[in-house]
Amino acid sequence: MEQANPNISEFRPVIRQLDDAAINRIAAGEVVERPASAVKELIENAIDAGATRVAIEIADGGKTLNRVTDDGCGIAAADLPLALSRHATSKIDGSDLLNIHTFGFRGEALPSLGAVGRLTITSRVPGADAAQIQVAGGTMSAVKPAALRAGTVVELRDLFFATPARLKFMRTDRAETQAIADTVKRLAMAEPSVTFTLRDVSGGGEGRVTFRADRENGDLFDALHARLACVIGREFAENALQIDATREGIRLYGYAALPTYSRGAAVAQYLFVNGRPVRDKMLTGALRAAYFDFLSRDRHPAAALFIDCDPTLVDVNVHPAKSEVRFRDPGVARGLIVSALRHALAEAGHRASSTVANATLGAMRPESPQPIPARVYQMDRPSPAARQMAYQAQAPGFAELTRDYSGSVVEPIAEPASEAPTEDLPLGAARGQVHENYIIAQTADGMVIVDQHAAHERLVYEKLKAQMAANGVAAQALLIPEIVELSEGDCARLMAVADDLSRFGLTLEPFGGGAVAVRETPAILGEVNARAMILDILDELSDQGESQMVQARIEAILSRVACHGSIRSGRRMRAEEMNALLREMEATPHSGQCNHGRPTYVELKLADIERLFGRS
């Protein structure tokens, strides 16, 4: 049965020139997906105008009102009608579309917003009177005088009133408000020198401030660190590592969190290219690759990374919303992210997230059904000699009982004179072992609880990886090479990374057409289904642009070997063994988390412990 082609009518199609109103509504469909898109465009215009203060007011999730006020340079009265014309902009002259230094450059945002909503622009330039222009559904009014001290106020009401069908695809007011807040926060991270205020005025009146970020002072990293603490949170700032690296004209800077400060979803990954917030698959893949060896697949790193480079090295005009970019040499950008982050994580050594200690302290605090005022006890901390005298005075033999039934180490410990001072040891000196699994160590200002199995497992794993890096991955030759038939495109994509795969013991050769011959496989993997592995590698190449499938399988085996070869839970350790483990942890990178990203130790400060007992 033949079906009619819906794209062919019985009449010959006629080419028509669309009017400006239709053109602007089509452009608005690309640029303005939702209220957050409109707010983004207006804030970027304010930043391009040199604003130091940007105030955003919204109502009903941005559906009925979006107002952006700034103290920038303003728009002259004579230029207001031109600002609402398509492809009219003050940011480029059109001679070079690659040398772009501003957020906007197409001149589409304001006319697109005016085509689908009721747009009012009030602006004043220094030395002139303020002026106002309005446009509703593409119909523009005449310029008229207005009252404004300085800068620009852009007010967008009734978004999509001219295209009612778009309103059906809007989400709830709460969801749209959350999307606007996320947009404002991303732009606030990119501009620490600008004050941002977001106010929800739904229901009328002054409304309520839902987000505020005051201008930060200081050098680049001080200002950025303070702004990230304001936007992402104080915990992220406390557990983030400073990143600063340069390669072939591309600079990477920002902050990346420790592996033990990971998230259950990729919700705390913020990437910027030349100050522009982007959501780029290649960049997020590089971020994940940098943490590949430290997090399990269900955990995601947290980071705010900024890439600065010559505008000619990156094309920002590849997406209608400018949310994706294309580097001239993507391999350099990706390699810079991976190497810089891994170097910073290695330098962090045994450091673990402070949130682990906070969670531990929270679990220790007793829950009371009724709030009881805390009693504060002012007590001096007695010396060890004073405690011993007190024990002897309380009852005969009490001092001996405390020694026999305490958690102290039974084996003799070296004389204090021959030991390094506790304050020189980041993980302290071992004082005991509980439940044959946890080492208790005393530091200069607190205590450390170490999971002996998880810690030693990481140490063994790092040694195995170092040995593999030094000696290479042993490959086993197949008696009969396995031929895998692929499309020519897949074959070309696979052979482009053949050298990288051979470093891990997987040797491939072209076999004519789209076929590849698998000559060798990694010996450590044993018997391998070569075809399934090749297809998995291709899936990763298509999805992420690179593949870590072979490396992941090899390191998974190393991890299992490390697990079986490490100190088991339930084994009693002597004092010198425990101290040796602590010293090795201090000297080994990444020892603060196990092979699955979980912490290997918890550090509790003495002040926090004393607060648990109501002591000042």
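Since we're looking at a predicted model, the values are computed, not measured. (Residues numbered from 1 in each chain as written. Predicted model: local features only at pLDDT ≥ 70, side-chain atom pairs only at ≥ 80, totals over all residues. Heavy atoms only, no water.)

**Some points on the overall build of the chain**
Part 1 of the reasoning: Looking only at helices and strands, one finds 20 helices and 23 strands in the chain.
Part 2 of the reasoning: Per-residue burial over the chain gives 46% buried out of 616 residues.
Part 3 of the reasoning: Looking at the chain alone, contacts between residues at least 24 apart form 69% of all its contacts between residues at least 6 apart.
Part 4 of the reasoning: Carbon and sulfur atoms provide 52% of the accessible area of the chain, an area that totals close to 32300 Å². (Helix = DSSP H or I, 4+ residues; strand = E, 2+ residues; numbered from the N terminus. Buried < 20%, exposed > 50% of the residue type's maximum accessible area, 1.4 Å probe, protein only. Contact = heavy atoms within 4.5 Å. Areas by Shrake-Rupley, 256 points an atom, 1.4 Å probe, with all protein chains shown as cover.)

**Here's the deal with the nonpolar core**
Part 1 of the reasoning: Grouped together as the largest cluster of nonpolar side chains are 60 residues, with contacts concentrated most on I43, V54, I56, L119, V184, F196 and F236.
Part 2 of the reasoning: It is helix α6 (residues 173–190) that provides the largest number of residues to this core, a total of 8 residues.
Part 3 of the reasoning: Grouped together as the second largest cluster of nonpolar side chains are 36 residues, M282, L305, L341 and A348 included. (Core = buried A, V, L, I, M, F, W, Y, C linked by side-chain atoms within 4.5 Å.)

**So, the pairing of strand β21 (residues 507–510)**
Part 1 of the reasoning: As paired elements, β21 and strand β22 (residues 515–522) share 4 bridges and run antiparallel to each other. Opposite P510, over in β22, you have V516 as the bridge partner. (Pairing = 2+ DSSP bridges.)

**Comments concerning the sheet that holds strand β18 (residues 438–443)**
Part 1 of the reasoning: Strand order in the open sheet formed by 4 strands is β17-β18-β19-β23, and the pairing between neighbours is antiparallel. Both edges of this open sheet fall to β17 (429–434) and β23 (601–605), since each of them pairs with a single strand only. On average, each strand axis in the sheet is inclined to that of its neighbour by 20 degrees, with strand direction left out of account.
Part 2 of the reasoning: As judged from the 6 bridges shared by β18 and strand β19 (residues 446–451), these two strands associate in the antiparallel manner. Considered in β19, the bridge of I439 is made with V450.
Part 3 of the reasoning: Against the sheet, helix α14 (residues 452–471) makes contact with β17, β18 and β19, and its axis sits at roughly 70 degrees relative to β19, the strand it touches most.
Part 4 of the reasoning: Sitting on the sheet, helix α19 (residues 575–587) is in contact with β17, β18, β19 and β23, with an inclination near 120 degrees to β17. (Axes fitted to C-alpha atoms, helices over the stretch in contact; angles between N-to-C directions.)

**So, the packing of helix α2 (residues 35–48) against α6**
Part 1 of the reasoning: Relative orientation of the contacting elements α2 and α6 amounts to 25 degrees, with a least axis distance of 8 Å. Between α2 and α6, the angle is such that the two are roughly parallel. Relative to α6, α2 is oriented so that their crossing is right-handed. Across from P35, A36, V39, K40, I43 and E44 in α2, the residues of α6 making contact are E176, A179, I180, T183, V184 and L187.
Part 2 of the reasoning: Of the residues contributing to the contact of α2 with α6, the split by class is 8 nonpolar, 1 polar and 3 charged. (Parallel < 35°, antiparallel > 145°, perpendicular 65-115°, else oblique. Left-handed = near helix turned anticlockwise from the far one by under 90°. Nonpolar A, V, L, I, M, F, W, Y, C, P; charged D, E, K, R; others polar.)

**As for the sheet that holds strand β20 (residues 475–485)**
Part 1 of the reasoning: The strand order β20-β22-β21 describes an open sheet built from 3 strands, whose pairing is antiparallel. Strands at the two margins of the open sheet, each flanked by one partner only, are β20 and β21. Strand-to-strand twist of the sheet, defined as the mean angle between neighbouring strand axes without regard to direction, takes the value 20 degrees.

**Let's talk about the environment of G74**
Part 1 of the reasoning: Tracing the sequence through the fold places G74 in the loop between β2 (65–70) and α3 (80–83).
Part 2 of the reasoning: Overall, the relative accessible area of 18% leaves G74 in the buried class.
Part 3 of the reasoning: Each C-alpha atom, one on G74 and one on A46, is 8.9 Å from the other, the two residues being 28 residues apart in sequence.

**Quick word on the packing of helix α9 (residues 281–290) against helix α10 (residues 330–347)**
Part 1 of the reasoning: One way to put it is that α9 packs onto α10 with a least axis distance of 9 Å and a crossing angle of 30 degrees. With respect to α10, the axis of α9 lies roughly parallel. For the crossing formed where α9 meets α10, the hand is right-handed. Packed against α9, whose contacting residues are M282, L283, A286, L287, A289 and A290, the element α10 presents P330, A333, R334, I337, V338, L341, R342 and L345 at the interface.
Part 2 of the reasoning: Residue composition of the contact of α9 with α10, grouped by class: 12 nonpolar, no polar and 2 charged.

**A closer look at the environment of V518**
Part 1 of the reasoning: Residue position: V518 is located in strand β22.
Part 2 of the reasoning: In this structure the C-alpha to C-alpha distance between V518 and L508, which are 10 residues apart in sequence, comes to 4.8 Å.
Part 3 of the reasoning: Discounting residues that sit within four places of it in the chain, V518 has contacts with L478, P481, E482, V484, L506, T507, L508, A530 and I534.

**Focus: α6**
Side chains three or four residues apart in an α-helix point the same way, a direct result of the helix having 3.6 residues per turn.
Part 1 of the reasoning: Its 18 residues place the ends of α6 26 Å apart at the C-alpha level, agreeing with the 26 Å of an ideal helix rising 1.5 Å per residue.
Part 2 of the reasoning: Most of α6 sits inside the fold, with 13 of its 18 residues counted as buried. (Expected span 1.5 Å × (residues − 1).)

**Some words on the pattern of salt bridges**
Any two side chains of opposite charge can pair, on the condition that their charged atoms come close.
Part 1 of the reasoning: A complete count under the given rule lists 23 salt bridges for this structure.
Part 2 of the reasoning: Residues K40 and E44 are paired through a salt bridge, measuring 3.1 Å at the closest nitrogen-oxygen approach. Pair noted here: K40 and E44 are both in helix α2, with a separation of 4 residues, about one helical turn. With respect to class, K40 is no different from E44; both count as buried.
Part 3 of the reasoning: In this structure, K605 and E603 form a salt bridge, with 3.1 Å as the shortest nitrogen-oxygen distance.
Part 4 of the reasoning: Look at E603 and you get partly exposed, because its relative accessible area is 26%.
Part 5 of the reasoning: Several salt bridges converge on common partners, so that one network encompasses E57, R67, E155 and R157. (Salt bridge = Lys/Arg side-chain N within 4 Å of Asp/Glu carboxyl O.)

**Concerning α9**
Part 1 of the reasoning: α9 sits mainly inside the fold: 7 of its 10 residues count as buried.
Part 2 of the reasoning: All of the buried residues along α9 are M282, L283, G285, A286, L287, A289 and A290.
Part 3 of the reasoning: As for α9, its buried residues are in contact with β12 (269–273), β13 (276–278), β14 (303–308), β16 (326–327) and α10.
Part 4 of the reasoning: Two or three places before M282, at the start of α9, stands the capping residue D280, its side-chain oxygen 3.0 Å from that residue's backbone nitrogen. (Polar contact = N/O pair within 3.5 Å; in protein donor to acceptor, adjacent residues only side chain to side chain.)

**A short note on the pairing of strand β8 (residues 195–200)**
Part 1 of the reasoning: With 5 of its 6 residues buried, β8 lies for the most part within the structure.
Part 2 of the reasoning: Examined bridge by bridge, strand β1 (residues 53–59) and β8 share 6 bridges and lie parallel to one another. Note on β8: the bridge partner recorded for V54 is F196.
Part 3 of the reasoning: With 5 bridges connecting them, β8 and strand β9 (residues 208–213) associate as antiparallel partners. Across the sheet, T197 pairs through a bridge with R212, a residue of β9.

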